[in-house]
Amino acid sequence: MQTIAQSRTIHEAYCRRTKANPNKVGFRYKKAGEWKSVTFKEHFDSTKSLACGLIYSGIKKGDRVCILANTSIFWSEFDLAILGAGAITVPIYPTNTPEDTAYIINHSEASMLFVDDFKNLQKLADISKNCPKLKKVVVNFELRTGDLQAAFEVISWNALHDLGLNQLPALGAKVDSFHSEAKPEDIFTICYTSGTTGLPKGVVLTHSAICSVMEDVSKVLQGVTTEDEFLLTFLPMSHIFGKWESMTPYFLGWTTSFAESIDALVSNLSEVRPTVWVAVPR
């Protein structure tokens, strides 16, 4: 019997983890001064509803969907919702210039995007006439009518979730089929380089690429770590190292706590007291 760390696709690891540890806390995030917990089952249910919302909104198998956001529970859920809709995640750094942002959206031919702050939403609005294929932008913050003039439709996170929840009886089986029928050679993400030496370059990564790394890491850490480790994550999920870290709850069973920000990192460390910390030199 293969361990979950030996799964052949992200879909397989995600579904196996949810089935094996439905009530285990997989994620924690801070809201209104308190740490909130999300079980693997709660995470899966959220992503399934969002996936149904994406499919109902027109996302098809193989489509590219961008995430322009900071590391958070929302990044994690939207990433797995994209996979649940049979689509491909295309991360964009929140710090990318408007020119590089437009280039990535156009080059990947993305029709939908998730953004987590008004500043970057305004950046998108400013370049929207140059991104004709971008039709919908999902936001997880309150936006008043008239706050924005853009060539795309803005939909709230809650509205997309509720739309998908209503479509669950009709589209839930389709999400299940995307999870069960995914193949190791399928593309799961296109990570673009930072563009410091020219135009950003899209690096196409398959499920087998990340699954191979996960299996190797589990072998290296055998006897050193268990499934009961606690992470405090702050690395950008737009980068492949942060993307790898975001997969550890599914493959390795670790609990991820999302840091509030870089400025709050020291205080978050004392609150979370992680047993494993993934970091890079400043």
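Refer to the structure printed above.
Now for a look at the structure at hand. (Residues numbered from 1 in each chain as written. Predicted model: local features only at pLDDT ≥ 70, side-chain atom pairs only at ≥ 80, totals over all residues. Heavy atoms only, no water.)

**Focus on the overall build of the protein**
So, step 1. The helix and strand tally for the protein stands at 10 helices and 11 strands.
So, step 2. Within the span of the protein, comprising 282 residues, buried residues form 53% of the whole.
So, step 3. Sequence separation of 24 or more characterises 69% of the internal contacts of the protein that already satisfy a separation of 6 or more.
So, step 4. Accessible area for the protein stands at about 13200 Å²; split by element, carbon and sulfur atoms hold 53% of it.
So, step 5. Both charge centroids of the protein, one from 28 positive and one from 30 negative side chains, sit 3 Å from each other. (Helix = DSSP H or I, 4+ residues; strand = E, 2+ residues; numbered from the N terminus. Buried < 20%, exposed > 50% of the residue type's maximum accessible area, 1.4 Å probe, protein only. Contact = heavy atoms within 4.5 Å. Areas by Shrake-Rupley, 256 points an atom, 1.4 Å probe, with all protein chains shown as cover. Lys, Arg positive; Asp, Glu negative; His and termini not counted. Charge placed at Lys NZ, Arg CZ, Asp CG, Glu CD.)

**Side note on helix H7 (residues 168–181)**
So, step 1. Relative to the 20 Å expected for 14 residues at 1.5 Å per residue, H7 spans 19 Å between its end C-alpha atoms, a close match to the ideal helical length.
So, step 2. For H7, the set of buried residues is Leu-171, Gly-172, Val-175, Ser-177, Phe-178 and His-179.
So, step 3. On its buried side, H7 packs onto helix H1 (10–20), helix H2 (40–56) and helix H3 (73–84). (Expected span 1.5 Å × (residues − 1).)

**Observations concerning the pattern of salt bridges**
So, step 1. Per the stated rule, a full pass over the model turns up 12 salt bridges.
So, step 2. Two residues, Glu-227 and Arg-17, come together in a salt bridge whose shortest N-O distance is 3.2 Å. On the criterion of sequence distance, the pair formed by Glu-227 in the loop between helix H8 (207–220) and strand S10 (230–233) and Arg-17 in helix H1 is long-range, its members being 210 residues apart.
So, step 3. Judged by relative accessible area, which is 38%, Glu-227 ranks as partly exposed.
So, step 4. Close ionic contact of Lys-219 with Glu-215 constitutes a salt bridge, the shortest N to O distance being 3.6 Å. Taken together, the residues Lys-219 and Glu-215, both in helix H8 and four residues apart, mark about one turn of the helix.
So, step 5. Its relative accessible area of 24% is what places Glu-215 among the partly exposed residues.
So, step 6. When salt bridges with common partners are traced through the structure, they connect Lys-30, Glu-260 and Glu-271 into a single cluster. (Salt bridge = Lys/Arg side-chain N within 4 Å of Asp/Glu carboxyl O.)

**Things to note about the nonpolar core**
So, step 1. Formed by 60 residues in total, the largest nonpolar core has its most connected members in Ile-10, Leu-54, Phe-78, Val-138, Tyr-250 and Phe-251.
So, step 2. Leave out the neighbours within four places in its chain, and Leu-54 touches Ile-59, Phe-78, Ala-81, Ile-82, Ala-85, Met-112 and Leu-160. (Core = buried A, V, L, I, M, F, W, Y, C linked by side-chain atoms within 4.5 Å.)

**Here we look at the sheet that holds strand S11 (residues 255–258)**
Two strands in a sheet stick together by hydrogen bonds in their backbones, pointing the same way (parallel) or opposite ways (antiparallel).
So, step 1. Here we have four strands laid out as an open sheet, ordered S2-S1-S11-S10, and mixed in their pairing. In the strand order of this sheet, the two ends are held by strand S2 (34–39) and S10, each with one partner. Adjacent strand axes in the sheet meet at a mean angle of 25 degrees when their direction is disregarded.
So, step 2. Sheet topology note: the strand S1 (residues 25–31)/S11 ladder contains two bridges and is parallel. Bridging across to S11, Phe-27 finds its partner in Thr-256.
So, step 3. The sheet strands contacting helix H10 (residues 265–272) are S1, S2, S10 and S11, and the helix crosses S10 at an angle near 170 degrees. (Pairing = 2+ DSSP bridges. Axes fitted to C-alpha atoms, helices over the stretch in contact; angles between N-to-C directions.)

**Focus: the side chain of Ser-46**
So, step 1. Checked against the element boundaries, Ser-46 lands in helix H2.
So, step 2. Taking relative accessible area as the criterion, Ser-46 reaches 18% and is therefore assigned buried.
So, step 3. With residues up to four places along the chain from it excluded, the contact list for Ser-46 reads Glu-77 and His-161.

**Some points on unusual backbone geometry**
So, step 1. The backbone of Ala-32 sits at a positive phi, close to 55 degrees, despite the residue not being glycine.
So, step 2. With respect to the secondary-structure elements, Ala-32 resides in the loop between S1 and S2.
So, step 3. For Ala-32, a relative accessible area of 81% puts it in the exposed group.
So, step 4. Even without being a glycine, Glu-109 presents a positive backbone phi close to 60 degrees.
So, step 5. Tracing the backbone through its elements, the reader meets Glu-109 in the loop between helix H4 (98–108) and strand S5 (112–115).

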